[in-house]
2 protein chains.
Amino acid sequence: MSPEQPSPRIRKSPEQVRSAVHQAVIDLLSDPEGADLTIPAIAQRAGVNHTSIYRRWGSREALLADVVTTRLERDWPLKDTGSLRGDLIAWAEAGVASIRTPEGRLLIRAVALSMPGSHTAQGERAQQFQRRIAAIESIRERAAGRGESPPSLEQILDQLIAPLYLRAIFGIDPPASGYPELLVNRLLGGAPGA
Amino acid sequence: MSPEQPSPRIRKSPEQVRSAVHQAVIDLLSDPEGADLTIPAIAQRAGVNHTSIYRRWGSREALLADVVTTRLERDWPLKDTGSLRGDLIAWAEAGVASIRTPEGRLLIRAVALSMPGSHTAQGERAQQFQRRIAAIESIRERAAGRGESPPSLEQILDQLIAPLYLRAIFGIDPPASGYPELLVNRLLGGAPGA
DNA sequence: CTCGCGAAGCAAATATCTGTGCTTATGATG
DNA sequence: CATCATAAGCACAGATATTTGCTTCGCGAG
C-alpha cells in the first residue's frame, strides 16, 4: 500500500512537529464528528509521538492557546485603513470571514472554552481575549490620534465584539450580507459620515 | 474531629444525592482554583460514590446540562410586565444580576463550555441555548399579541443577548448602573415611549 | 570531520477516569 | 408490619491519559 519505505523511524524536525501538531489540532477541531481533543489523539493525527507534545507544550491548555493565538493573529489581523469606520469594518469583516468557516468558529470558541484544564485555563484564556481587546484599543488610539472621537471600549464591546463572539461560540450564522457595515453603523450612528 | 459516628455507611437518599451533586458542581465551578470538573472530583466533593453519578446522569455533559438548566431557569426567569420594554428590561436585569455573581458567570459560561465531551456536547449545549432563545421568542410573541412590533430576533441577539453573554463568558463586569436600560434603549430606540 | 547539545521517539510505569456486578439500605405499598 | 422495587455504596476490572528514563537522530560549533 504505502509507497514509502517500511522505514523503522523517520524522525521529524522540531519545526515539522510544531507544524504537524498545529494542523492536527485544527483538523480535530474542525471534525464534525466531534473527535475529542486529547493529547494522544492529536499526536496520532499529527504522526508524532505523544511524549513530544507533553514535553513541548506540557498541557492541552497551553497547546490550544498556542494554536489559537497563532491562527487568530494570522486570520484576524488589524488593518490601518485611515479612518475609524474603515478600521472597524475591516476588523468586523475579518471576524465574519473567520466565523463563516467551521475552523474559525471552533477556534474562537476555543478561546472561551477550556474545561478540565484547571487553573491555567483562566489565565491563558483571559490572555487571548486581552490580546483581542488590545487590538481594538489600538484602533481607538489611532482614531483619537487623527482627531476622531471613537466610541468607548464598552460600546465597541457591546455592539461589535459581542455579536461576533456570540455567533462564533454558538454557531449562529451572521446575516448573509452587509453585516459588518450594519454593526458598525449601529455603533457609530447612521450613515458613513466620512 | 468529626462528631459523627465512624458510621460504616450512611446512605443518602436519591434526593439528597441530587442536591449534593448539584451543589458540588456549583462549588467546583465557582472555585477560583479552577478545579477540574471530573465525575470523580464532583462525587468526592458531594460525598457520594462516583458510580451513583455515572448511573444517574451517564456523562458529565448530561450532568452539566441538568445543573445549568435547573439553575438558569430558577435565577433567570421570564416575567410578564405588560410591555415589550418592560419584559426586556426585566430579562436583562435578571441577566445582569446573574452575571454579577461568580456562580452565575460560571453557569452561563458552562453553557458555552464543555470541550472533551465529544459529539454529545454540541447537542446538549445547543439545547441549553435554544431554551434561552425560546424565552426571548415568547417575549416577542407576547408583544406582537399586544399589537407592539418587536425587533427581530437577530437584533435582540446582537444588542441584548450578546453583550450579556460575552460579559458572562469573559468575566467582564457590566457598567455599575443602568445597564439593562441602556441596552434596551439602544435596541428599541431612544426614550421609554410608554 | 568530530563532538556535543537539544529534541524526538520508544517503552514501561503510574495515575485517572469510566464502567460493571453485586450487596444492601431506604422508602413506598399493601 | 411485612414485602418489594429502586437506587446508593463497594470492590474491582478495563480503558485512557499522563509522566519518566533512556536511546538515538539531526544539526550546528569548533
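Before reading on, note that the structure itself is shown above.
Residues numbered from 1 in each chain as written. Chains lettered and ligands numbered in written order. Predicted model: local features only at pLDDT ≥ 70, side-chain atom pairs only at ≥ 80, totals over all residues. Heavy atoms only, no water.

1. With respect to the protein's contact with DNA strand D
How we decide: Residues are labelled near a given molecule or strand when at least one of their non-hydrogen atoms is within 4 Å of it. Whenever two N or O atoms come within 3.5 Å, that pair is a polar contact, provided that in protein one can donate a hydrogen and the other can accept it, and provided that, for residues adjacent in sequence, both atoms are side-chain atoms. Comment: elements are numbered from the N terminus, with helices defined as DSSP H or I runs of at least four residues and strands as E runs of at least two.
Inspection of the region around DNA strand D gives 22 residues, with A:Arg11, A:Tyr54, A:Arg55, B:Arg11 and B:Arg55 positioned closest. Expressed as a percentage, the sugar and phosphate content of the atoms of DNA strand D within 4 Å of the protein is 53%. The side chain of A:Arg11 places a nitrogen or oxygen atom 2.7 Å from a base oxygen of DNA strand D. With respect to DNA strand D, the side chain of A:Arg55 contributes an N or O atom lying 2.3 Å from a base oxygen. Elements supplying a minimum of two residues to the surface near DNA strand D: helix H2 (39–46) and helix H3 (50–57) of chain A together with helix H1 (14–30) and helix H3 (50–57) of chain B.

2. Some points on the environment of A:Ile156
Residue and element names in this part refer to chain A. Spelled out, the test is: We call two residues in contact whenever any of their non-hydrogen atoms come within 4.5 Å of each other.
With respect to the helices and strands, the residue Ile156 is situated in helix H8 (residues 153–170). Distance in space between the C-alpha atoms of Ile156 and Leu88 is 9.3 Å, their sequence separation being 68 residues. Not counting the four nearest positions on each side in its chain, Ile156 is found in contact with Ile136, Arg140, Pro151, Ile161 and Leu187.

3. Observations regarding the packing of aromatic side chains
For any pair of aromatic rings, the description rests on two quantities: the centre-to-centre distance and the angle between the ring planes. For clarity, the threshold we go by: The rule is short: rings of Phe, Tyr and Trp, with Trp giving its six-membered ring, pair when the centres are within 6.5 Å, and they are stacked under 30 degrees, edge-to-face over 60, tilted in between. Working rule: Lys NZ or Arg CZ, within 6 Å of ring centre, within 35 degrees of ring normal, means a charge sits over the ring.
Scanning the entire structure with this criterion turns up eight aromatic pairs over all chains. Each residue in the set A:Phe170, B:Trp76, B:Trp91, B:Phe129 and B:Tyr165 is aromatic and connected to the rest through ring pairs, giving one cluster. One cation-aromatic arrangement involves A:Arg56 over A:Trp57; the distance from NZ or CZ to the ring centre is 5.1 Å.

4. Quick notes on the protein's contact with DNA strand C
To keep things clear, this is the line we draw: Any residue outside Ala, Val, Leu, Ile, Met, Phe, Trp, Tyr, Cys, Pro, Asp, Glu, Lys and Arg is labelled polar, Gly included; the first ten of those are nonpolar and the last four are charged.
In the neighbourhood of DNA strand C, 22 residues make up the surrounding shell, with A:Arg11, B:Arg11, B:Thr51, B:Tyr54 and B:Arg55 lying closest. When the atoms of DNA strand C within 4 Å of the protein are sorted by group, sugar and phosphate make up 51%. In the model, a phosphate oxygen of DNA strand C is placed 3.1 Å from a nitrogen or oxygen of the A:Ser52 side chain. Those elements giving two or more residues to the surface near DNA strand C turn out to be helix H1 (14–30) and H3 of chain A together with helix H2 (39–46) and H3 of chain B. Per-class residue counts for the surface near DNA strand C are seven nonpolar, seven polar and eight charged.

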